[in-house]
Each structure stands twice: as C-alpha cells, then as structure tokens.
Amino acid sequence: MTEQEQNVQTAEKKQVIFSGIQPSGTLTIGNYIGALRNFVKLQNDYDCIYCIVDEHAITVRQNPADLRRRCLELAAIYIAAGLDPQKNLIYCQSHVSAHAELAWILNCFTYMGELSRMTQFKAKSAAHEDNINAGLFTYPVLMAADILLYQTNLVPVGVDQKQHLELCRDIAQRFNSVYGNVFTIPEGYIPKIGAKIMSLQEPEKKMSKSDPAECYIAILDDPDTIRRKIKRAVTDSDGEIRFDPESKPGVSNLLSIMSALGDEDVDSIATRMQGKGYGELKKETADCVIAALEPLQAEYKRLIADKAYLQNVIDTNAAAANSLAIRTLRKVQKKVGFAPRG
Ligand code: TRP
C-alpha cells in the first residue's frame, strides 16, 4: 500500500462511538437534551453504535412483556429523534451473542475487589436487597464487553458511569499487556453542549426518570401532561425572571429548558420576559417544549405503528453488529487458547 492509499484509509476510518441504553423506564427531556439530540449531530462524523442493553436490564427484575415492548419503543424513539438506522447501528444486546461470550472471558480478567468497589453495585444492592444476584455484581464486565467488542474509541457517559468506564479501560489494558494489542482503549466522551436539566419538583436535583412522574417530562408526554407538569413546577417567591441557578434553581431550570429547546440564550429569554410573571414563563416554557417534541412524537407514532419496519431495523442492524463483534471475539478466543474452529 502506498503512503497515499494509507492516508486515504485512515481518513476514511471514522472513530467508533458506542453507547448502551437500558430499555427500562421512560426517557425524559433531560435525556433528549443531554444525550439523544447530540447523538443526532454525531452521525455523520462517527460510526455510532447504540445498543439497547436488555441483558443489563435483567440484573433487576423486569416484567417480561414490558421489557419486550420497551426494546422496540426505544428503537422507535431513537429513529424518531433523527438517528438514521442506515448510518447508526441500533439493535438489542441479546441478539448479538458475542456480548455475553466476551463478558465471560473478561470475567476471568476482572477481580472481585474491583467489582466490590463499584458505587453503583453498592447502591443497587442496597435498593434490591432481596435480589443481589451475580449479574448485578458483574454488570460492569458486560458493559466492558459491549464497548471493547467494537474497538470503540469514544463512549458518551454521564458521571454515574465514569467508574464503569475506568474499569473497562483497566480490563482492556490488563488483557492487552498479556496478549498484545487486542483492544482499543476507549475514552469517555462528554458532549460539548447540553444544559443540565433539573427536576421540576426539586430543582436542585437532576431530572430523573426514577423520580415520581411530576418531577420529569417524558419525551412522549402529551401536550396536556406537559402543561400540567410545568404549571406545577417549583419556583420561588421573589417573582423576578432571572437566570441564577444558585438562588433561583426552579426559574433557572425553566429558562434552561426553554433555551436548550428553543435555541435562545438564557439571558436573552430572561431580558425578553422581564416584568412578566411566573405564569407567563411557565406558559412559554410549555409552548416551547410541546413545539420542540411535536415532530419527534409524530414520527414516533408513525414508527411504532409499523412493527414490521422496526423489527427489520433491529434485525438487520444486529446482523451488522454481529459481523463486527465476531471479529474481536474470535481474536480474543484465539489469544486465550480456545481450540480453533475447523
Ligand atoms: N450502564 C449503562 C447505564 O446504565 C448502560 C450501558 C451498558 C452502557 N453498556 C454500555 C453505556 C456501554 C455505555 C457503554 O447507563
């Protein structure tokens, strides 16, 4: 290969982004603003893999019918938000058996001590005392397998997953130091923009789908629900519209939401609304959220009614993911000394 050909090849090989999303619970506008919307912007510059991690989901008890339904719903939300399923791999983890197979091997390169230090394991085992299963304990190893199978360069993660990503890097480095360069060492990827969206009821806390429904706005909430939730959002008693997250967390959160979804600077919204009451602020915020979600919701409705299409997307994308994953898996199996296949 000439140097020029080599350059062309490196230029063409895009960096790989991998993210896993649990098919449990609803996505909120916090997920939309902080993650989903940014993913759409990445699809031309990176090879993106969005895996619906159903195997991770069963580390806590799930209702089978709900879990089954949510996998397709999540795929539909991703596509409705603008992710092109021809450019991005959107598929279910359980459909690509290499995830579980690599996880087993990596289990043998991970120490009990490392897993015991994971704060999420401690929190989840405290929350599910009746079901502290081994899967909950080795959860980060499966996550490492997800990432390493695709020679991932970048992993978009929130702070809660940083420790797991660090462990993934440690496992990969440990494996590479014994067997040579088998795995790409992944980095965390923190999207440049993305306002932090807070709970409507406790605006000092991040908006979370695990809190009661009046604390968050789900991506699929209908307009009436959105208006009602925003109307009841906690504000303060001084009556002034000003962006100041420290002393006015509730009002500032509404301004952040409007700013993120309406693409207008927080201070300019505040100036524009000077002298108006909180009722007006809430009405404008609700209008803005409803308008921003409207196209996504319409597209979602269309997609979810077309089960055959969605099934085809996750099937063909799982097949494509499988052929990528199997390359890494076969290499790893050979390195550790599994007998060759005839
Ligand atoms: N553990 C992640 C979460 O709960 C989900 C996840 C599974 C993931 N595998 C991953 C995230 C790989 C990033 C990369 O949010």
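Refer to the structure presented above.
So, here is what we can say about the structure in this document. No experiment lies behind these values; they were computed from the predicted model shown.

**Brief notes about the overall build of the protein chain**
Next up, step 1: Scanning the protein chain for helices and strands turns up 14 helices and five strands.
Next up, step 2: Relative to a compact globule of 342 residues, whose C-alpha radius of gyration would be 20 Å, the protein chain shows 22 Å and is just as compact.
Next up, step 3: Along the longest, intermediate and shortest principal axes, the C-alpha atoms of the protein chain span 75 × 55 × 40 Å.
Next up, step 4: A total of 342 residues make up the protein chain; the buried ones form 48% of that total.
Next up, step 5: Long-range pairs, those at least 24 residues apart, make up 75% of the contacts in the protein chain between residues at least 6 apart in sequence.
Next up, step 6: Total accessible area on the protein chain stands at roughly 17100 Å², and carbon and sulfur atoms take up 52% of it.
Next up, step 7: Positive and negative charge centroids in the protein chain, built from 40 and 42 side chains respectively, lie 4 Å apart.

**Regarding unusual backbone geometry**
Next up, step 1: The residue Gln151 is not glycine, and still its phi comes out positive at about 50°.
Next up, step 2: Following the sequence through the fold, Gln151 ends up in the loop between α8 (134–149) and β4 (154–156).

**A closer look at the packing of helix α4 (residues 64–80) against helix α13 (residues 278–304)**
Next up, step 1: Contact pair α4 / α13: the axes reach a minimum separation of 9 Å and the direction vectors enclose 135°. The angle between α4 and α13 places the two elements in the oblique class. As for how α4 packs across α13, the hand of that crossing is right-handed. Between α4 and α13, the contacting residues are Leu72, Glu73, Ala76, Ile77, Ile79 and Ala80 on the first element and Leu296, Glu299, Tyr300, Leu303 and Ile304 on the second.
Next up, step 2: Considered class by class, the residues forming the contact of α4 with α13 number nine nonpolar, no polar and two charged.

**Here we look at α4**
Next up, step 1: For α4, spanning 17 residues, the distance from its first C-alpha to its last is 24 Å, which sits close to the expected 24 Å at 1.5 Å a residue.
Next up, step 2: Of the residues making up α4, those classed as buried are Leu67, Arg70, Cys71, Leu72, Leu74, Ala75, Ala76, Ile77, Tyr78, Ile79 and Ala80.
Next up, step 3: Capping of α4 at its N-terminal end is provided by Asn63; its side-chain oxygen lies 2.9 Å from the backbone amide nitrogen of Ala65.
Next up, step 4: Looking one or two residues beyond α4, the residue adopting positive phi is Gly82, at roughly 115°.

**Some thoughts on the site of the ligand**
Next up, step 1: With respect to spatial proximity, the complete set of residues near the ligand consists of Phe18, Gly20, Gln22, Val53, His56, Tyr139, Met143, Asp146, Ile147, Val155 and Gln161.
Next up, step 2: Taking Asp146, its side chain carries an N or O atom lying 2.7 Å from a nitrogen atom of the ligand.
Next up, step 3: For the ligand, whose unbound accessible area comes to 370 Å², protein coverage reaches 88%.
Next up, step 4: Across the shell around the ligand, the residue classes break down as six nonpolar, four polar and one charged.

Conventions we followed
Residues numbered from 1 in each chain as written. Predicted model: local features only at pLDDT ≥ 70, side-chain atom pairs only at ≥ 80, totals over all residues. Heavy atoms only, no water. Helix = DSSP H or I, 4+ residues; strand = E, 2+ residues; numbered from the N terminus. Rg over C-alpha atoms; globule rule 2.2 N^0.38 Å. Buried < 20%, exposed > 50% of the residue type's maximum accessible area, 1.4 Å probe, protein only. Contact = heavy atoms within 4.5 Å. Areas by Shrake-Rupley, 256 points an atom, 1.4 Å probe, with all protein chains shown as cover. Lys, Arg positive; Asp, Glu negative; His and termini not counted. Charge placed at Lys NZ, Arg CZ, Asp CG, Glu CD. Axes fitted to C-alpha atoms, helices over the stretch in contact; angles between N-to-C directions. Parallel < 35°, antiparallel > 145°, perpendicular 65-115°, else oblique. Left-handed = near helix turned anticlockwise from the far one by under 90°. Nonpolar A, V, L, I, M, F, W, Y, C, P; charged D, E, K, R; others polar. Expected span 1.5 Å × (residues − 1). Polar contact = N/O pair within 3.5 Å; in protein donor to acceptor, adjacent residues only side chain to side chain. Near = heavy atom within 4 Å.

Shape is all these values report; function is a separate question.
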